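Geometric and topological summary
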Amino acid sequence: MSHESPAAPAAAPDRVFARAAAILVAGAAVVTLAGGVAIDRLTQRPARLAEIAIVGAAETALAREIAGSLERIARTPPGPDLRAARLGLGRELERLAALEAWRAAV
């Protein structure tokens, strides 16, 4: 009496290889995506800081222009020149407010 035991079910080698390859590809995709996100975040911060510095320099230059406009207004006698100086000051103040809003948005 010969007693044969049934063969243990084993996955075919090509299925094992395909599963292992799929796991490796998925892992590589996850690592690549995570690295891309990390690099993106690391490069956004210096770009944002540079933009803030540029806006700050523009605000400084505009503040000097506003100071000059205020001095012009103080020296100008009443008349059309004073009105033009006040309108110029208003435009400069609007530009300064826009720059400040831009800097706050960054």
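An account of the accompanying structure is given in this report. (Residues numbered from 1 in each chain as written. Predicted model: local features only at pLDDT ≥ 70, side-chain atom pairs only at ≥ 80, totals over all residues. Heavy atoms only, no water.)

Thoughts on the side chain of glutamate 59
Rule in force here: Secondary structure elements follow DSSP: runs of H or I of four or more residues count as helices, runs of E of two or more count as strands, with numbering from the N terminus. Contact between two residues is taken to exist if any of their heavy atoms lie within 4.5 Å; hydrogens are not considered.
Here glutamate 59 lies in helix α1 (residues 13-75). In contact with glutamate 59, not counting residues within four places along its chain, are Leu96, Leu99, Glu100 and Arg103.

Brief notes about helix α2 (residues 80-105)
To be explicit about the condition: One fewer than the residue count of a helix, multiplied by 1.5 Å, yields its expected span. Relative accessibility under 20% of the residue-type maximum defines a buried residue, over 50% an exposed one, and the middle range a partly exposed one, all with a 1.4 Å probe and only protein chains included.
Between its first and last C-alpha, α2 extends 38 Å over 26 residues, near the 38 Å set by a 1.5 Å rise per residue. For α2, the full list of buried residues reads Leu82, Ala85, Gly88, Leu89, Glu92 and Leu99.

A closer look at α1
Look at α1: 93 Å from first C-alpha to last across 63 residues, which is about the 93 Å you get at 1.5 Å a residue. Along α1, the residues classified as buried are Val55, Glu59, Leu62, Ile66, Ser69 and Ile73. Where the residues of α1 are buried, they touch α2.

So, the nonpolar core
Formally: We define a nonpolar core as any set of buried Ala, Val, Leu, Ile, Met, Phe, Trp, Tyr and Cys residues linked to one another through side-chain atoms lying within 4.5 Å.
The biggest cluster of nonpolar side chains holds eight residues, and these are Val55, Leu62, Ile66, Ile73, Leu82, Ala85, Leu89 and Leu99. Elements supplying a minimum of two residues to this core: α1 and α2.

Some points on the pattern of salt bridges
Short version of the rule: Salt bridge, as applied in this entry: a Lys or Arg side-chain nitrogen positioned within 4 Å of an Asp or Glu carboxyl oxygen.
Tallied over the full model, the rule gives three salt bridges. In this structure, glutamate 59 engages arginine 103 in a salt bridge whose closest nitrogen and oxygen atoms are separated by 3.3 Å. With glutamate 59 in helix α1 and arginine 103 in helix α2, this residue pair connects regions lying 44 residues apart in the sequence. A salt bridge links glutamate 65 to arginine 95, with the shortest nitrogen-to-oxygen separation between them at 3.8 Å. Linking glutamate 65 in helix α1 with arginine 95 in helix α2, this pair joins segments that are 30 residues apart in sequence. Since its relative accessible area comes to 36%, glutamate 65 is described here as partly exposed. Overall, arginine 95 belongs to the partly exposed group, its relative accessible area being 46%. Connected through salt bridges with shared partners, the residues Glu59, Glu100 and Arg103 form a single ionic network.

Quick look at the side chain of threonine 76
This is how the line gets drawn: Any pair of N or O atoms that falls within 3.5 Å is considered a polar contact. Within protein, one atom must be able to donate a hydrogen and the other to accept it, and sequence-neighbouring residues count only if both atoms are side-chain atoms.
For threonine 76, the location among the structural elements is in the loop between α1 and α2. A distance of 2.5 Å separates a polar side-chain atom of threonine 76 from the backbone oxygen of arginine 72.

Some points on the packing of α1 against α2
Applicable threshold: Convention adopted: a line fitted to C-alpha atoms gives each axis, helices being fitted over their contacting stretch, and angles between N-to-C directions are expressed from 0 to 180 degrees. Roughly parallel means an angle under 35 degrees; roughly antiparallel means over 145; roughly perpendicular covers 65 to 115; every other angle is labelled oblique. Here a crossing is taken to be left-handed if its near helix is turned anticlockwise relative to the far helix by less than a right angle, and right-handed if that turn runs clockwise. The residue classification treats Ala, Val, Leu, Ile, Met, Phe, Trp, Tyr, Cys and Pro as nonpolar and Asp, Glu, Lys and Arg as charged. All others, Gly included, are polar.
Contact geometry of α1 with α2 gives a least axis separation of 9 Å together with a crossing angle of 165 degrees. One way to sum up the angle between α1 and α2 is to call them roughly antiparallel. Here α1 and α2 pass one another in a crossing that is left-handed. Here α1 contributes Glu51, Ile52, Val55, Ala58, Glu59, Leu62, Glu65, Ile66, Ser69, Leu70, Arg72 and Ile73 to the contact with α2, which in turn contributes Leu82, Ala85, Arg86, Leu89, Glu92, Leu93, Arg95, Leu96, Leu99, Glu100, Trp102 and Arg103. Class assignment of the residues belonging to the contact of α1 with α2 gives a composition of 14 nonpolar, one polar and nine charged.

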